[in-house]
Amino acid sequence: MTELKACPFMRLHPDDNTLVARINADEGTKIDMDGGQVQLSQTIPMAHKIACRHIKSGDVVLKYGMPIGVATVDIAPGEHVHVHNVRSAYTPSVVLHEADAVS
Amino acid sequence: MIEGWLRQDGRKGIRNSVLVAYLVECAHFVASEIVTEFRGQDVQLIGFPGCFPNEYAAQMMERLCTHPNVGAVLFVSLGCESFDKVRVSAAVEASGRPVRTLVIQKAGGTKSTIKLGQDWIKSALLEIDNVSRTPLAPSDLVIGTVCGGSDGTSGISGNPAAGRAFDFLVAEGAACIFEETGELIGCEEIMAERAVAPELGQAIRESVLKAERYYQTLGYGSFAAGNAAGGLSTIEEKSLGAYVKSGSSQISGLIKPGDIPPCGGLYLMDVVPDGDVRFGFPNISDNAEIVEMIASGAHMTLFVTGRGSVVGSAISPVIKICANPETYRALFDDMDINAGDIIEGHRTIDEVGQEISELVYAVAGGQQTKSEQLGHREFILTYKSFEPIGPACLPNLHS
């Protein structure tokens, strides 16, 4: 059977402050990061994200080197980054357009 | 060195197919019976099911039947449908291709039309054997990309790898097309920044605005519970997963189905109909998107899948890029590229992107894709309406 590389997470872009799980990563798995090693405090399902740096509330969350939202609380390295601590920064163009419209 | 078939309009084909095109559903069976005689040869069935007229469908059929991969066309008409068979046949004839129209009601019905059709195809196959061949460069190629049957892996392996392949191909002079503004909601500012000119950036923003309105009218939610369960946290993250198929080249133009890119570069295709929502969902399944790429000249399509789509397409081959390593192993005979290697850490996005671009050239040179070998030739054409693209949408060749 094919061998898996050691780290269950991948960084999609050098600017990212998140890592993405390649496979389900069990609680307790140790992950090496720039700031040191962290241990997962929960199981992270495949394709989900964890922080790879300290993210402050209000910081832009980056994936693919592009903004995917804004942190709503401080997030520690290794913590799950998802709907509970990230909000969309997107205002639909429909809304902006109607806001600009002169009646 | 790769060679292609040289067509009268200067475009080069990577295949030399005979198409049998029915012009209404009532002629479908007769057309398919004509084709079955030629199983194993490059004779393909396409068609339009509707009896009511539609300018988009007429234009699509013209573009598809004069596609560089097509050598000859046989139209099968019932006789009373609205499709303008004179107009479409004249377009094929003007392109220098052998063409014939059989009208079932005039040809004596099912059996005699089938016989006449099969006889014509035998002679057409001989005739198109004589089309001259010519060297084919990357700048002669138009490549489309779609994703379908996506899962959590699509956005992190297959799509980025397709995007890297697009970067390599655009650098070599190819025209590469990505689409589905309805899936790029949240990416409009990023896309506008990548446009070669500000007016084009504005046209791109407006195309996404149109998509938002359209999907709002349809009541189709763009971010669902299933997306969150799959790891996506925001709508812009979901759209980015699809968006990264486009790679990192500047966007040279915005086209609609049937518009042919005038030169190499990266193009966004706007597939959302203009005007009121008249005909339902823009593209009812993946092959409808592929057909629109082909109408814009795509020689082949890069198709990224996670759950495992098995489709190919009529006219232009599909390269199937499997994002999920489990799916690749389960559906091995249907997949061309294992982007699952990125998930399992065996290869990088760059390495898989390189493999994809090499396969593009091999397929251009005649190698069959897995779906092609298996005989997949899916085709869908439905009702839409479009306004022509505006002046800001294409690169200015004289600037």
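Source: prediction; values computed, not measured. (Residues numbered from 1 in each chain as written. Chains lettered and ligands numbered in written order. Predicted model: local features only at pLDDT ≥ 70, side-chain atom pairs only at ≥ 80, totals over all residues. Heavy atoms only, no water.)

K.L.:
Let's hear about the nonpolar core: which residues, and what values?
P.N.:
Counting 67 residues, the largest nonpolar core has Ile143(B), Phe178(B), Met191(B), Tyr243(B), Leu302(B), Ile319(B) and Ile321(B) as the members making the most contacts within it. Apart from residues no more than four positions distant in its own chain, Ile143(B) is found in contact with Phe166(B), Leu169(B), Ala175(B), Cys176(B), Ile177(B), Met300(B), Leu302(B) and Val360(B). (Core = buried A, V, L, I, M, F, W, Y, C linked by side-chain atoms within 4.5 Å. Buried < 20%, exposed > 50% of the residue type's maximum accessible area, 1.4 Å probe, protein only. Contact = heavy atoms within 4.5 Å.)

K.L.:
Talk me through the pattern of salt bridges; I want residue IDs and the actual numbers.
P.N.:
All names here are of chain B. For the structure shown, the criterion picks out 21 salt bridges over all chains. In this structure, the salt-bridge partner of aspartate 9 is arginine 11, at a minimum N-O distance of 3.0 Å. The exposure class assigned to arginine 11 is partly exposed, which follows from its relative accessible area of 23%. Each of Lys210, Lys256, Asp270 and Asp274 takes part in a single network of salt bridges with overlapping partners. (Salt bridge = Lys/Arg side-chain N within 4 Å of Asp/Glu carboxyl O.)

K.L.:
Lay out the sheet that holds strand β2 (residues 12-13) of chain B with the relevant residues and their values.
P.N.:
Residue and element names in this part refer to chain B. Spatially, the three strands line up as an open sheet ordered β2-β1-β7, and their pairing is antiparallel. In the strand order of this sheet, the two ends are held by β2 and β7 (133-135), each with one partner. Where strand β1 (residues 3-6) lies against β2, two bridges are found, and the strand directions are antiparallel. Residue pairing for β2: leucine 6 is matched across the bridge by lysine 12. (Pairing = 2+ DSSP bridges. Helix = DSSP H or I, 4+ residues; strand = E, 2+ residues; numbered from the N terminus.)

K.L.:
Any details on helix α3 (residues 85-94) of chain B? Residues and values, ideally.
P.N.:
All names here are of chain B. Residues of α3 that are buried include every one of Val88, Ser89 and Val92, and no others. Here the buried residues of α3 occupy an arc of 95 degrees about the axis, which is enough to place them on one side. Exposed residues on α3 whose side chains face more than 90 degrees from its buried face are Val86, Glu93 and Ala94. As for α3, its buried residues are in contact with α2 (55-65), β5 (70-77) and β6 (99-103). The opening residue of α3, the one whose side-chain oxygen lies 3.3 Å from the backbone nitrogen of valine 86, is aspartate 84. One or two steps after α3, the chain reaches glycine 96, where phi turns positive at roughly 85 degrees. (Arc of directions from axis to C-beta. Polar contact = N/O pair within 3.5 Å; in protein donor to acceptor, adjacent residues only side chain to side chain.)

K.L.:
Tell me about the side chain of His376(B), residues and numbers included.
P.N.:
Mapped onto the elements of the fold, His376(B) is located in the segment after α15 (370-374). Of note is the side chain of His376(B), whose polar atom sits 3.1 Å from the backbone oxygen of Val310(B).

K.L.:
Give a detailed account of a nonpolar patch on the surface, specifying residues and quantitative values.
P.N.:
On the surface, Tyr220(B), Phe281(B) and Ile284(B) cluster together into a nonpolar patch covering about 330 Å² of accessible area. For Ile284(B), the position within the fold is in the loop between β11 (265-269) and α11 (286-295). (Patch = residues over 30% accessible without salt bridge, like charges linked within 9 Å, V, L, I, M, F, W, Y side chains within 5 Å. Areas by Shrake-Rupley, 256 points an atom, 1.4 Å probe, with all protein chains shown as cover.)

K.L.:
Report on the packing of helix α6 (residues 154-171) of chain B against helix α14 (residues 349-364) of chain B, specifying residues and quantitative values.
P.N.:
Residue and element names in this part refer to chain B. Relative to each other, α6 and α14 sit at 60 degrees, their axes nearing to 7 Å. Classified by the angle their axes make, α6 and α14 are oblique. Relative to α14, α6 is oriented so that their crossing is right-handed. Residues Ile156, Pro160, Ala161, Ala162, Arg164, Ala165, Phe168 and Leu169 of α6 pack against Ile349, Asp350, Val352, Gly353, Gln354, Ile356, Ser357, Val360 and Tyr361 of α14. Split into classes, the residues belonging to the contact of α6 with α14 amount to twelve nonpolar, three polar and two charged. (Axes fitted to C-alpha atoms, helices over the stretch in contact; angles between N-to-C directions. Parallel < 35°, antiparallel > 145°, perpendicular 65-115°, else oblique. Left-handed = near helix turned anticlockwise from the far one by under 90°. Nonpolar A, V, L, I, M, F, W, Y, C, P; charged D, E, K, R; others polar.)

K.L.:
Talk me through the environment of Val363(B); I want residue IDs and the actual numbers.
P.N.:
Residue and element names in this part refer to chain B. One can find valine 363 in helix α14. Residue valine 363 is classed as buried on the basis of its relative accessible area, which comes to 0%. Through-space distance from the C-alpha of valine 363 to that of alanine 94 is 28 Å; in sequence the pair is 269 residues apart. The residues contacting valine 363, other than those within four sequence positions of it, are Ile14, Arg15, Met300, Pro317, Ile319 and Thr369.

K.L.:
Describe the interface of chain B and chain A, naming the residues involved and giving the relevant values.
P.N.:
One frequent convention defines the size of an interface as the accessible area lost when the parts assemble. With 34 residues of chain B at the interface, the matching set in chain A holds 32 residues. Taken over both partners, the interface formed by chain B and chain A buries close to 2600 Å², and the fraction arising from carbon and sulfur atoms is 62%. Looking at the side of chain B facing chain A, the largest losses of area belong to Ile156(B), Ser233(B) and Glu236(B), adding up to 19% of the total buried there. One can count two salt bridges joining chain B with chain A. Taking the shortest distance from any N to any O, the salt bridge between Glu237(B) and Lys49(A) comes out at 2.9 Å. If you look at where chain B meets chain A, you find 16 residue pairs in polar contact (both at pLDDT 80 or more). Secondary-structure elements contributing two or more residues to the side of chain B that touches chain A are α6, α7 (188-194), α8 (198-218), α9 (225-229), α10 (235-243) and α13 (340-343) of chain B. Here the side of chain B that touches chain A takes six residues from α10(B), the largest share from any one element. Residues belonging to the side of chain B that touches chain A are distributed by class as follows: 15 nonpolar, twelve polar and seven charged. (Buried area = accessible area lost by both parts, 1.4 Å probe.)

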